[in-house]
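Observations on the model geometry
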Amino acid sequence: GVAVYGSSKIWLRSSSVHSNGLPPSIAPAILLVGNSELRLDRTIIYNNIWGILQYDSSSSSINGSDIIYNNVGIVLLKSSSASVAYSHLYNNLWALITYDNSSLTVENSTIHENIYEGIVGYDASRVFLFSSSIINNGFYGITMYDSSVLKGIDSNISGNIAGIIL
């Protein structure tokens, strides 16, 4: 996979990152730590334990990409942020999980047919959803815990066991 530490930056375009962190390892396909930045354009991330794992104020911009067949598509920890636009996240166990005051923006994207939830927010995370679809996930479309905040505009949340759990 790919690991980016410190204040480093990486741009992946028209690429694929797959089959990383398979048992017995749990390494992510892409790991961002400590103010590092990722730009992902027209890339597919598939068949990994973790698709993208962000930690300690890292940030990512994901555009026109597919994140599929991972245990977790994207995980944000410790005040990290991600912007996902014009992308598809499907057939993961969970598509997106945010923790520890992290921030997620999803715009013009589709999150569908994941085994459990489409988006889960913990520990005062913030999720912004614009013109996107969260559909046909196995459990809930969006679940927010522990003072997390959800703001959604012009989005379709349907076909899940429940649309939004707060």
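Provided above is the structure to which this section pertains.
Residues numbered from 1 in each chain as written. Predicted model: local features only at pLDDT ≥ 70, side-chain atom pairs only at ≥ 80, totals over all residues. Heavy atoms only, no water.

1. So, the pattern of salt bridges
Taken as a whole, this structure holds one salt bridge when the rule is applied. Between Asp41 and Arg39 there is a salt bridge, and its shortest N-O distance comes to 3.0 Å. On the accessibility criterion, Asp41 (9% relative accessible area) is buried. (Salt bridge = Lys/Arg side-chain N within 4 Å of Asp/Glu carboxyl O. Buried < 20%, exposed > 50% of the residue type's maximum accessible area, 1.4 Å probe, protein only.)

2. Describing the environment of Leu31
Locating Leu31 in the fold gives a position in strand S4 (residues 30-33). The spacing of Leu31 and Asn101 is 70 residues in sequence and 18 Å in space, taken between C-alpha atoms. (Helix = DSSP H or I, 4+ residues; strand = E, 2+ residues; numbered from the N terminus.)

3. Some remarks on the nonpolar core
Counting residues in hydrophobic clusters, the biggest one holds 28 residues, and the most contacted among them are Ile30, Ile52, Ile74, Leu96, Leu104 and Ile119. Looking at this core, the elements with two or more residues in it are S4, strand S5 (37-41), strand S10 (72-76), strand S11 (81-85), strand S13 (94-98), strand S14 (103-107), strand S17 (126-130) and strand S19 (140-144). In this view, Leu96 contacts Ile74, Leu89, Leu104, Val106, Ile111, Gly118, Ile119 and Val120; residues no more than four positions away in its chain are not counted. Core analysis: the second largest hydrophobic core is formed by eight residues, Leu31, Leu53, Leu77 and Ile97 among them. (Core = buried A, V, L, I, M, F, W, Y, C linked by side-chain atoms within 4.5 Å. Contact = heavy atoms within 4.5 Å.)

4. Some details on the pairing of S13
With four of its five residues buried, S13 lies for the most part within the structure. Note that S10 and S13 share four bridges and pair parallel. Within S13, the residue paired with Val75 across the bridge is Ile97. The pairing of S13 with strand S16 (residues 119-121) spans three bridges and is classified as parallel. Counted as the bridge partner of Leu96 is Ile119 from S16. (Pairing = 2+ DSSP bridges.)

5. A short note on the pairing of S14
Relative to S14, S11 runs parallel, the two being bridged by five bridges. Counterpart to Ala85 in the pairing with S14 is Glu107. One ladder, built from five bridges, connects S14 with S17; its direction is parallel. Directly across from Glu107, in S17, lies its bridge partner Phe130.

6. Some words on the sheet that holds strand S6 (residues 44-46)
The strand order S3-S6-S9-S12-S15-S18-S21 describes an open sheet built from seven strands, whose pairing is parallel. Looking at which strands have only one partner, the edges of the open sheet turn out to be strand S3 (16-18) and strand S21 (156-158). Averaged over neighbouring strand pairs, the angle between their axes works out to 5° when direction is ignored. Pairing analysis gives three bridges linking strand S9 (residues 66-68) to strand S12 (residues 88-90), with the strands arranged parallel. Across the sheet, the residue bridging to Ile68 is Tyr90, located in S12. (Axes fitted to C-alpha atoms, helices over the stretch in contact; angles between N-to-C directions.)

From the geometry alone we can't say anything about function, so treat these as descriptive.
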